Amino acid sequence: MATQKPKRSPVEVEDIILRKIFLVSLVDFMEDDSRIVYLEMTAAEILSEGKSLLLSRDLMERVLIDRLSGQFPSAEPPFTYLVGCYRRAHEEGKKIASMKDKTLRSEMESVVRQSKKLAVSYCRIHLGNPDMFSNGENNPPHKTTTSPLLPLIFSEVSSSIDGFGVGSSGLSSPPGFLEEFFRDTDYDSLEPILKGLYEDLRGSVLKVSALGNFQQPLRALLMLVSFPNGAKALVNHPWWAPKGTYVNGRVIEMTSILGPFFHVSALPDQTIFKSEPDVGQQCFSEASTRRPADLLSSFTTIKTVMNNLYDGLGEVLLALLKNTDTRENVLEYIAEVINKNSSRAHIQVDPLSCASSGMFVTLSAVMLRLCEPFLDASMTKRDKIDSKYVFHDKRLDLRSLTALHASSEEVTAWINKDNPSDKKSDDENRIFQSQEATSSGSNSSGSSLLSNARPMSSCGAKPKYSFICECFFMTARVLNLGLLKAFSDFKHLVQDLSRCEDTLSTLKAMQGQAASPQLELDIARLEKEIDSYTQEKLCYEAQILRDGALLQRALSFYRLMVVWLVDLLGGFKMPLPSSCPMEFACMPEHFVEDAMELLIFASRIPKALDGVLLDDFMNFIIMFMGSPNFIRNPYLRAKMVEVLNCWMPSRSGSSVTTSLFEGHTLSLEYLVRNLLKLYVDIEFTGSHTQFYDKFNIRHNIAELLEYLWQVPSHRNAWRQIAREEEKGVYLNFLNFLINDSIYLLDESLNKILELKELEAEMSNTTEWERRPTQERQERTRLFHSQENIIRIDMKLANEDVGMLEFTSEQITAPFLLPEMVDRVASMLNYFLLQLVGPQRRALSLKDPEKYEFRPKQLLKQIVHIYIHLARGDKEKIFPAAISRDGRSYNEQLFTAAADVLRKIGEGGRVIQEFAELGEKAKSAASEAMDAEAALGEIPDEFLDPIQYTLMKDPVILPSSRITVDRPVIQRHLLSDTTDPFNRSHLTQDMLIADVELKARIEEFIRSRELKKHGEGVSMQSTKTTMQTVNEKMTLID
């Protein structure tokens, strides 16, 4: 019978467990495990105290200190040893769980818990004071450049798929170790350890690109801030938000703890800050030779990893914001990043003083994630957004930004009006109580366009704005400096790429005509530049354009923005208030501009607008596009037209946008009206480039108007506006349309003549080859430049003439007004002269279609306008107006035009009507000559001082007191609201009828007519007498 194993006492079991955990022994005998250390001195001390050499809870800490302090060959370094103790304690704990004796199990579980706690405690002590424990000279303290905790944290947060296969190595974290390590309430002991960890994490992602291993450090960061002590240590770190005189946006990005995480990106950056691996080089070099599938794979990879970054950083900030002890620090950090990078809004950005686009696009994506709770479809939480934040909060400097309508002086005066304390100090500026913003214009005074409703009165407490309010305004600023700035950079990048490709094409054309070594070098340089630009373009496309979720979040945010802004005016309703409330007028202009830029950008990306509610944007655009009293900047209102252009069904290809134009209440009533108003307003933008800008803007308006004319409901609205505003905005619109048509066609035709001269030079190869290379290159560049100018000007001219053609078919009255009819006739005569006159052959081109020059179509359109106006000419004044044009009118032009029309297949009825109009003009010319002869010499006082024609309705100009003919000055005022003689302000209602002079002129005309009639009667009598005499003489004969 086998002998039974003696049962161990609890004291013996405890000894065995502790020896296994701490790898120490108080008895000197050969151990199987070489790591076990014999603590000889400790054993001697214990024996001298009369105690047994068994390890116990009472001896645990003493033994651990002796093990850590002693000098033992081949012993593990302190940190590794202590982590091992915790791991072994965990393993022993699993074994203890199977003990049947509940009392013993409970006792041993207590031993294991105490062991773990002790291991963790001494880990903290060791990490806080690395030199405290030494293993002797042969085994110095284990020193590393990074915290030994970092590999444990990485092992804890590692996933099976880590950033491109990069995994952690070395020591792994025992289950529960990190949780117990960081959960401790003793912040002071943890703070230096956490400080070092944050610095290590920052360093691990410094200059790491989207293709580098940022995911492990990011997850480690998230894990640390999930502990209250970790969150507190982060925001208290001196590098949380670096301070100092020389701190700028780039310094914050590169030195703050979070900055390098936000810097991770696929977007290009300044060379000295460039991250590795180089995304452009690795994914998109020589893109034209790569397979589409490879490019698509790169796009997907970049979008995926960047969204991992956005999600991770969003969770980090959310964890800090949920903690009331750290929320304020986060808001201050974001505000500091915004304020130190305010110059990113400039066209030219200094990369040494401003953070990168990568950082701000990432911050944009993260802020949009923080906004998600209040971006619901019904926007139920928008009442939490307080407009007073813009005026009184000092965290962000919003008051210094360009406002929608108010000047900076008006903003300051309004805020200080009932708040003299606002002038005293910045601290006192934030003492206003949070309450509802005034949003009506009922308190406006006099004729002021701004409502001077009293601002909020002061009270004794600093206002507390909700997180939703702070997050909303911070996100608006971040998007302006981040995502929207990236859109602008991308647009300029595409333009640079296009210019390089055009230049390369020109150089290659020149190479065929005059090759040179310098030309070869220039071509090689350009090809390299194009590859670099292409890489950058594809990086933008991967991170932004192909991230549909990012664009959708941004669109949701700006939908909230426009709805909230309109709430300041009382909601979506027309007409707008008579005056603009100051709360609205003082809002930063970029709030609206960014919304429009985003819509333009997103509209050009396939499917980016799918599922987006566009009605609120449409309402906003219609309300403010033609409202300079609410949005002062004409270029901003012009951007709204760009948005609508992108939404035209022919461009968007979506039925959703069709309904916006053809089934939208505000659109049907106000869209055409406000487009016509903007067409007029854009004549004077105040910019030094206003003359050229207006053509681009009017091109967009013209395209839109042409589409709307095809929609019956809009065409009816157009006709109604022409009737109601015959002498108002419609007449102004018509005047500028005619002005533009004349200028553009004249400019195009003159450029064609210049181009033909250049063509002739280049076609004479013998003479051309004799010229110096540089001269040939310059002339070739000029040739291509002229080609582009002609193409653009002719396209715009065709558009304008087309609009005159289709509108004149149904709307003729404004064309035939006294102040307009001569101008219209002169324009048509001039065009006719160019197209069928003696110089027409000089305008022939080898490939006219290349330049959008279609003379046959243009002639037909001009003739149709003639006919449309003749048909609507109830007063029969049009033929006379045609013949009065002394510059271009020639009766033979009508005959020549009719011949050309027959050759190009124009309908017989049109030709007949045109020929009849020519005959009427010829008769009118003859009658005019007779009338002029009858009047004889006209007194100077009866002549208009501008046109030197006989006045019919003289009026006195109030400022200069000069008398002019009403139609003449009215025509002048359509383009220029000033007195032509002294430039003082002048409008039609200021004109003073000169009744006395008018009566004298009428009397003069009557007297001359009577005189002519009397002479006619006398001559007839003489003729009759002579005839009678002759008859009598015949009879006599």
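Keep in mind that this is a model prediction, so the values were computed, not measured.

**Looking at the overall build of the protein**
Then step 1. A count of helices and strands for the protein gives 41 helices and 7 strands.
Then step 2. A burial count over the protein gives 50% of its 1037 residues as buried.
Then step 3. Intrachain contacts of the protein at a sequence separation of at least 6 include 76% that bridge at least 24 residues.

**Some details on the environment of Arg715**
Then step 1. For Arg715, the position within the fold is in helix H31 (residues 712-724).
Then step 2. Separated by 10 residues in the primary sequence, Arg715 and Leu705 place their C-alpha atoms 9.4 Å from one another.
Then step 3. Among all residues touching Arg715, those that are not within four sequence positions of it are Leu708, Trp709, Gln710 and Gln810.
Then step 4. A polar atom in the side chain of Arg715 sits 2.5 Å from the backbone oxygen of Trp709.

**As for helix H1 (residues 10-22)**
Since the α-helix turns once every 3.6 residues, residues separated by three or four places project in the same direction.
Then step 1. The terminal C-alpha atoms of H1 lie 18 Å apart, and with 13 residues this matches the ideal 18 Å at 1.5 Å per residue to within 8%.
Then step 2. All buried positions along H1 are accounted for by Val13, Glu14, Asp15, Ile17, Leu18, Ile21 and Phe22.
Then step 3. Elements that come into contact with the buried residues of H1 comprise strand E1 (24-25), helix H3 (57-69), helix H4 (78-96) and helix H5 (102-128).
Then step 4. In the segment just after H1, Leu23 is the residue with positive phi, at about 55°.

**A word on the sheet that holds strand E7 (residues 992-993)**
Then step 1. Taken together, the 3 strands give an open sheet; going across it, the order is E6-E5-E7, and neighbouring strands pair in antiparallel fashion. The open sheet terminates on both sides in strands that have one partner only, identified here as strand E6 (963-965) and E7.
Then step 2. Pairing geometry for strand E5 (residues 954-956) and E7, over 2 bridges, is antiparallel. Paired with Ile956 across the strands is Ile992, a residue of E7.
Then step 3. Here helix H40 (residues 966-975) sits on the sheet in contact with E5, E6 and E7, set at roughly 85° to E6.

**Considering the packing of helix H15 (residues 327-340) against helix H16 (residues 357-371)**
Then step 1. Relative orientation of the contacting elements H15 and H16 amounts to 140°, with a least axis distance of 12 Å. Here H15 lies oblique to H16, going by the angle between them. For H15 against H16, the interelement crossing comes out left-handed. Where H15 abuts H16, its residues Tyr333, Ile334 and Val337 lie against Met359, Phe360, Leu363 and Met367.

**A look at the packing of aromatic side chains**
Then step 1. Taken as a whole, this structure holds 34 aromatic pairs when the rule is applied.
Then step 2. Ring geometry for Tyr730 against Phe733: centres 5.4 Å apart, planes inclined by 55°, an arrangement best described as tilted. One end of the pair is Tyr730 and the other is Phe733, both in helix H32 (residues 729-763) and 3 residues apart, which spans about a single turn.
Then step 3. The class for Tyr730 is buried, based on a relative accessible area of 0%.
Then step 4. Cluster of aromatic residues (ring-pair linked, three or more members): Tyr389, Tyr465, Phe472, Phe473, Phe557, Tyr558, Trp564 and Phe591.
Then step 5. Sitting over the ring of Phe181, Arg124 keeps its end group 5.4 Å from the ring centre.

**Quick notes on unusual backbone geometry**
Then step 1. Residue Pro277 is reached from Glu276 by a cis peptide bond, and omega for that bond is -5°.
Then step 2. Locating Pro277 in the fold gives a position in the loop between helix H12 (259-263) and helix H13 (279-284).
Then step 3. The step from Met574 to Pro575 runs through a cis peptide bond, and the omega angle for that step is 0°.
Then step 4. Considering the arrangement of structural elements, one finds Pro575 in the loop between helix H22 (548-567) and strand E4 (580-581).
Then step 5. The backbone phi angle of Leu23 is positive, close to 55°, even though this residue is not glycine.
Then step 6. Along the polypeptide, Leu23 turns up in the loop between H1 and E1.
Then step 7. A residue is classified by how much of its surface remains accessible, and Leu23, at 4% relative accessible area, is buried.
Then step 8. Its identity is not glycine, yet Arg961 carries a phi of approximately 65°, on the positive side.

**Section: the environment of His664**
Then step 1. Here His664 lies in the loop between helix H28 (655-662) and helix H29 (665-681).
Then step 2. Along the chain, His664 and Asp615 lie 49 residues apart, while their C-alpha atoms are 8.3 Å from each other.
Then step 3. Beyond its immediate sequence surroundings of up to four residues, His664 is in contact with Asp615, Met618, Asn619, Ile622 and Ser659.

**A look at the pattern of salt bridges**
Then step 1. Overall, the coordinates contain 50 salt bridges when judged by the stated rule.
Then step 2. Of the charged contacts, one joins Asp269 and Arg250 as a salt bridge, the two residues approaching to 2.9 Å between their closest N and O atoms. With Asp269 in the loop between H12 and H13 and Arg250 in helix H11 (residues 249-255), this pair connects stretches of sequence that are 19 residues apart.
Then step 3. The class for Arg250 is buried, based on a relative accessible area of 3%.
Then step 4. Sharing partners across several salt bridges, the network here consists of Glu45, Glu49, Lys51 and Arg62.

**A word on the side chain of Asp965**
Then step 1. By secondary structure assignment, the location of Asp965 is in strand E6.
Then step 2. No salt bridge is formed by the buried Asp965, whose closest oppositely charged neighbour, Lys952, lies at an N-O distance of 7.1 Å.
Then step 3. If we skip the residues at most four places from it in the chain, Asp965 touches Asp944, Leu950, Met951, Lys952, Asp953 and Pro954.

**With respect to the confidence of the model for the protein**
Then step 1. Summing up the model confidence of the protein, the mean pLDDT is 84 and the portion of residues at 70 or higher is 89%.
Then step 2. Looking over the protein, one finds the lowest element-wise mean pLDDT in strand E3 (residues 450-451), namely 62, and the highest in H16, namely 96.
Then step 3. Within the model, pLDDT remains below 50 along residues 136-143, and this stretch shows 7 contacts once partners closer than five positions in the same chain are excluded.
Then step 4. A low-confidence stretch, residues 422-448 stays under pLDDT 50, and its non-local contacts, those more than four residues away or across chains, total 74 contacts.

**Looking at the nonpolar core**
Then step 1. Core analysis: the biggest nonpolar cluster contains 303 residues, and Leu149, Phe182, Phe624 and Trp647 have the highest contact counts within it.
Then step 2. Here Leu149 is in contact with Phe79, Leu127, Phe177, Leu178, Phe181, Phe182, Ile193 and Leu197, once residues within four sequence places are set aside.

**Examining the UniProt feature "coiled-coil region" (unreviewed entry) in the protein**
Then step 1. The positions that UniProt labels "coiled-coil region" (unreviewed entry) are, in the present scheme, residues 516-543.
Then step 2. Within the segment residues 516-543, helix and strand shares are 96% and 0% respectively, and the terminal C-alpha atoms sit 41 Å apart.

**Looking at the environment of Ala881**
Then step 1. Structurally, the position occupied by Ala881 is in helix H37 (residues 878-884).
Then step 2. Looking at Ala881, the relative accessible area reads 2%, which means it is buried.
Then step 3. When the C-alpha positions of Ala881 and Val824 are compared, they lie 8.6 Å apart, and in sequence the two are 57 residues distant.
Then step 4. Not counting the four nearest positions on each side in its chain, Ala881 is found in contact with Val821, Asp822 and Ala825.

**A word on the state of the cysteines**
Then step 1. One pass over the structure, following the stated rule, counts 0 disulfides.
Then step 2. For Cys471, which is in no disulfide, the shortest distance to another cysteine sulfur is to Cys371 and amounts to 3.6 Å.

Basis of the calculations
- Residues numbered from 1 in each chain as written.
- Predicted model: local features only at pLDDT ≥ 70, side-chain atom pairs only at ≥ 80, totals over all residues.
- Heavy atoms only, no water.
- Helix = DSSP H or I, 4+ residues; strand = E, 2+ residues; numbered from the N terminus.
- Buried < 20%, exposed > 50% of the residue type's maximum accessible area, 1.4 Å probe, protein only.
- Contact = heavy atoms within 4.5 Å.
- Polar contact = N/O pair within 3.5 Å; in protein donor to acceptor, adjacent residues only side chain to side chain.
- Expected span 1.5 Å × (residues − 1).
- Pairing = 2+ DSSP bridges.
- Axes fitted to C-alpha atoms, helices over the stretch in contact; angles between N-to-C directions.
- Parallel < 35°, antiparallel > 145°, perpendicular 65-115°, else oblique.
- Left-handed = near helix turned anticlockwise from the far one by under 90°.
- Phe/Tyr/Trp six-rings, centres within 6.5 Å; stacked < 30°, edge-to-face > 60°.
- Lys NZ or Arg CZ within 6 Å of the ring centre and 35° of its normal.
- Salt bridge = Lys/Arg side-chain N within 4 Å of Asp/Glu carboxyl O.
- Lys, Arg positive; Asp, Glu negative; His and termini not counted.
- pLDDT = per-residue confidence, 0-100.
- Core = buried A, V, L, I, M, F, W, Y, C linked by side-chain atoms within 4.5 Å.
- UniProt positions renumbered as here; feature names shortened; annotations may be inferred.
- Disulfide = S-S within 2.5 Å.

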